[in-house]
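Architecture and fold: a report
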Amino acid sequence: MIPDSLIFALDVTLPISLIILLGMILKRWGLITDEFAYVGANLVFKVSLPCLLFVNIATTQLSQSFPVNLTLFALVFISIAFALCHAFAFLIPNRGSRGAFVQGACRGNIAIVGLALSVNAFGEQILPMASMYLAVMVLPLNVYSILTLYYHQEQSPSVLQVIKAVLTNPLAIAISLAIAFAFLPLQLPSLLIDTGNYIGGMTLPLALLCVGASIRWYEFRASKLLYLAIAGKIMILPVLATVLGYMLGLRGVELGVLYIMMGAPTAAAAYPMVRSIGGDHHLTAAIIAGSTVLSVFTSTLGLFILRLLLWV
């Protein structure tokens, strides 16, 4: 049982880890530049990932396959997590670090690393469920992050700024259009589906290469706040969510997706948001780098334990 569980965990996390490592190596060899990583990440965020989500959601029978229990639990849990971290942030002396800490500890890279691990763990057939999870979580995570950063910068969050940030988010646009199509009695042309699949197919490998190329070792520093945020993101939140989810009846694939998504490292999009709104962007960069590297080990260990317990 233990060897089988370990093999399952390694089969899920090693391919993802190796692509991230390859991104780091190619960057060191000069085959990937900072500009490539920046442009590639933008391409994923604005084009290929929206295409991937649109096709998977628009071609899904939402009324039959929407994971209500999973998404409802995840939404409530992450809302409470943001609120608790927001309250804890008042204990941080440096006001500029408060918003960076909250966002770093709660906003996971679910659209790239979480999605990649979910597909690797449970196969392509998990894409509709994972896409539904993203559809529910993307908007609240963005709104919570914006409000948190503005609040701790002593600026009143403008309603127009929040609305603009949400409505112009490419993922939000793709998800909204896809949900509308999914509920309409229309069938997308095969040409559009095939084109979307081709474009979406480059999402995960390109995104993971860019994640690896964006890691900066010098951003790791001896900071209690840094490692507390990392521990919260890739250890405390996923463990609490998984245990509570199990107690409330989530099992198998749904519980596995919940653990993977909650344990995803801090989203790379957190960095430009902190830079534009204000806050400790150095702390944010370090949280992203640290959580990305260390999540390889925590994800492997967590999946191993879940498989050993026969929870997934």
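Some remarks on the overall build of the protein
A tally of helices and strands in the protein yields 15 helices and zero strands. For 312 residues, the compact-globule formula gives about 20 Å, and the C-alpha radius of gyration of the protein, at 19 Å, lands near that figure. In terms of overall dimensions, the protein has C-alpha extents of about 55 × 50 × 45 Å along its principal axes. Each charge sign in the protein was given a centre, from 14 positive and 10 negative side chains, and these centres are 11 Å apart.

Topic: the packing of aromatic side chains
Taken as a whole and judged by the stated rule, the model has six aromatic pairs. Summarising the aromatic geometry, the rings of Phe-90 and Tyr-151 are spaced 6.1 Å apart at their centres and angled 85 degrees between planes, so their arrangement reads as edge-to-face. Placement of the pair is Phe-90 in the loop between helix H4 (68–88) and helix H5 (95–106) and Tyr-151 in helix H7 (residues 127–152), with a sequence separation of 61 residues. Given the relative accessible area of 40%, Phe-90 is considered partly exposed. The exposure class assigned to Tyr-151 is partly exposed, which follows from its relative accessible area of 43%.

Topic: the pattern of salt bridges
Under the defined criterion, the tally for this structure stands at one salt bridge. The salt bridge partner of Lys-27 is Asp-34, with a shortest N-O separation of 3.5 Å. On the basis of relative accessibility, which here comes to 26%, the residue Lys-27 falls in the partly exposed class. Overall, the relative accessible area of 43% leaves Asp-34 in the partly exposed class.

Some thoughts on the state of the cysteines
Inspection of the entire model under this criterion finds zero disulfides. Sulfur of Cys-51: no disulfide; nearest cysteine sulfur belongs to Cys-210 and is 16 Å away. Using a relative accessible area of 21% as the deciding quantity, one classes Cys-51 as partly exposed.

Observations regarding unusual backbone geometry
The backbone phi angle of Leu-310 is positive, close to 65 degrees, even though this residue is not glycine. Classification of Leu-310 by relative accessible area gives exposed; the value is 61%.

Regarding a nonpolar patch on the surface
On the surface, Met-235, Ile-236, Val-239, Leu-240, Val-243, Leu-244, Met-247 and Leu-248 cluster together into a nonpolar patch covering about 760 Å² of accessible area. You can see Met-235 is positioned in helix H12 (residues 224–247).

Some words on the packing of helix H2 (residues 34–58) against helix H11 (residues 203–214)
For the pair H2 and H11, interaxial distance at closest approach is 9 Å and the crossing angle is 150 degrees. Relative to H11, the element H2 lies roughly antiparallel. Helix-helix and strand crossings are classified by hand; for H2 and H11 the assignment is left-handed. Residues Phe-36, Ala-37, Gly-40, Ala-41, Leu-43, Val-44, Ser-48, Leu-49 and Leu-52 of H2 touch H11, and the partners they reach there are Thr-203, Leu-206, Ala-207, Cys-210, Ala-213 and Ser-214.

Re helix H9 (residues 170–183)
Spanning 14 residues, H9 covers 20 Å between terminal C-alpha atoms, matching the ideal 20 Å at 1.5 Å per step. Of all the residues in H9, the buried ones are Pro-170, Leu-171, Ala-172, Ala-174, Ile-175, Ala-178 and Ala-182.

Here's the deal with the packing of helix H6 (residues 110–122) against H11
Put simply, H6 and H11 touch, their axes get as near as 10 Å, and they point 120 degrees apart. Relative to H11, the element H6 is oriented oblique. In the packing of H6 onto H11, the handedness of the crossing is left-handed. On H11, the residues touching Ile-112, Val-113, Leu-115 and Ala-116 of H6 are Leu-204, Ala-207 and Leu-208.

With respect to the environment of Arg-251
Residue position: Arg-251 is located in the loop between H12 and helix H13 (252–262). When the C-alpha atoms of Arg-251 and Ala-213 are compared, they prove to be 36 Å apart, with 38 residues separating the residues in sequence. Beyond its immediate stretch of four places on either side in the chain, Arg-251 contacts Tyr-246 and Trp-311.

Things to note about the environment of Phe-90
A sequence separation of 62 residues divides Phe-90 from His-152, and the C-alpha atoms of the two residues are 8.9 Å apart. With residues near it in sequence (within four places) discarded, Phe-90 still touches Arg-98, Tyr-151 and His-152.

As for the nonpolar core
Core analysis: the biggest nonpolar cluster contains 89 residues, and Tyr-133 and Leu-258 have the highest contact counts within it. If you tally residues by element for this core, the top one is H7, at eleven residues. The residues contacting Leu-258, other than those within four sequence positions of it, are Leu-70, Phe-73, Ala-74, Tyr-133, Ala-241, Thr-242, Gly-245 and Leu-250. Membership of the second largest hydrophobic core comes to six residues, among which are Leu-149, Tyr-150, Val-274 and Ile-277.

Definitions and cut-offs
Residues numbered from 1 in each chain as written. Predicted model: local features only at pLDDT ≥ 70, side-chain atom pairs only at ≥ 80, totals over all residues. Heavy atoms only, no water. Helix = DSSP H or I, 4+ residues; strand = E, 2+ residues; numbered from the N terminus. Rg over C-alpha atoms; globule rule 2.2 N^0.38 Å. Lys, Arg positive; Asp, Glu negative; His and termini not counted. Charge placed at Lys NZ, Arg CZ, Asp CG, Glu CD. Phe/Tyr/Trp six-rings, centres within 6.5 Å; stacked < 30°, edge-to-face > 60°. Buried < 20%, exposed > 50% of the residue type's maximum accessible area, 1.4 Å probe, protein only. Salt bridge = Lys/Arg side-chain N within 4 Å of Asp/Glu carboxyl O. Disulfide = S-S within 2.5 Å. Patch = residues over 30% accessible without salt bridge, like charges linked within 9 Å, V, L, I, M, F, W, Y side chains within 5 Å. Areas by Shrake-Rupley, 256 points an atom, 1.4 Å probe, with all protein chains shown as cover. Axes fitted to C-alpha atoms, helices over the stretch in contact; angles between N-to-C directions. Parallel < 35°, antiparallel > 145°, perpendicular 65-115°, else oblique. Left-handed = near helix turned anticlockwise from the far one by under 90°. Contact = heavy atoms within 4.5 Å. Expected span 1.5 Å × (residues − 1). Core = buried A, V, L, I, M, F, W, Y, C linked by side-chain atoms within 4.5 Å.

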